[in-house]
Amino acid sequence: QVQLAESGGGLVQAGDSLRLSCVATGRAFSSYAMAWFRQAPGKEREFVAGITWGHNTYYAESVKGRFTISRDNTNDIVYLQMNTLKPEDTAVYYCAAGKMMGSKLDSSYTYWGQGTQITVSS
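All of these numbers come straight from a predicted model, not from anything done at the bench.

1. Considering the pairing of strand 11 (residues 116-121)
Along any regular strand the residues' side chains alternate between the sheet's two faces.
Then step 1. A one-sided burial pattern is seen for strand 11, the buried positions being Thr116, Ile118 and Val120 and the unburied ones Gln117, Thr119 and Ser121.
Then step 2. When strand 9 (residues 91-98) meets strand 11, the two strands line up antiparallel, connected through three bridges. Its bridge partner being in strand 11, Ala91 is matched across the sheet by Ile118.

Shown next, in the form of structure tokens:
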């Protein structure tokens, strides 16, 4: 069992940067693939970025070059550094954990946080 708690969301302007954190509690954090998903109003939840236990990273095309995912297996935290934010990045961002490495499908992730809101104004 893994519990996830996101933090770091807020209201920012286009072009700003923000860093999200996701603290995991429970067992064997380092053995899980971790990912960030987001859901904008009226849209389906979509994959943003993922990282394997071995620190291999993978991204959605829409955020490549702007977002960076990283993890600290000592302190059981995963981060999402978001630069050059755009209004279309506005969404609730969710942290997720799962055993399937490299997947961009939300069905591959077993544990989910409650989400944190990011609003990017133009």
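Still more to cover.
2. Observations regarding the pairing of strand 1 (residues 2-7)
Then step 1. Across the two faces of strand 1 the burial differs, with Val2, Leu4 and Glu6 buried and Gln3, Ala5 and Ser7 not buried at all.
Then step 2. Strand direction decides the pairing type here: strand 1 and strand 3 (residues 18-26), joined by six bridges, are antiparallel. Directly across from Ser7, in strand 3, lies its bridge partner Ser21.

3. What about the state of the cysteines?
Then step 1. Under the counting rule described, the total for this entry stands at one disulfide.
Then step 2. Between Cys22 and Cys95 runs a disulfide, and the two sulfur atoms are separated by 2.1 Å. One quick way to see it: the torsion about the S-S bond of Cys22 and Cys95 is about -80°, and its sign makes the bridge left-handed. Linking Cys22 in strand 3 with Cys95 in strand 9, this pair joins segments that are 73 residues apart in sequence. Accessibility assignment for this pair places Cys22 and Cys95 in one class, buried.

4. Notes on the nonpolar core
Then step 1. Core analysis: the biggest nonpolar cluster contains 37 residues, and Leu4, Met34, Trp36, Leu80, Met82 and Tyr93 have the highest contact counts within it.
Then step 2. Apart from the residues within four sequence positions on either side, Met82 is in contact with Asp16, Ser17, Leu18, Leu20, Arg66, Phe67, Tyr93 and Ile118.

5. A short note on the side chain of Thr90
Then step 1. Structurally, Thr90 can be placed in the loop between strand 8 (77-82) and strand 9.
Then step 2. For Thr90, the side chain forms a polar contact with the main-chain oxygen of Pro87, separated by 2.9 Å.
Then step 3. At 2.9 Å, the side chain of Thr90 forms a polar contact with the backbone nitrogen of Val120.
Then step 4. Those residues in contact with Thr90 that sit more than four places away from it in its chain are Ala40, Gln117, Ile118, Thr119 and Val120.

About the cut-offs
- Residues numbered from 1 in each chain as written.
- Predicted model: local features only at pLDDT ≥ 70, side-chain atom pairs only at ≥ 80, totals over all residues.
- Heavy atoms only, no water.
- Buried < 20%, exposed > 50% of the residue type's maximum accessible area, 1.4 Å probe, protein only.
- Helix = DSSP H or I, 4+ residues; strand = E, 2+ residues; numbered from the N terminus.
- Pairing = 2+ DSSP bridges.
- Disulfide = S-S within 2.5 Å.
- Core = buried A, V, L, I, M, F, W, Y, C linked by side-chain atoms within 4.5 Å.
- Contact = heavy atoms within 4.5 Å.
- Polar contact = N/O pair within 3.5 Å; in protein donor to acceptor, adjacent residues only side chain to side chain.

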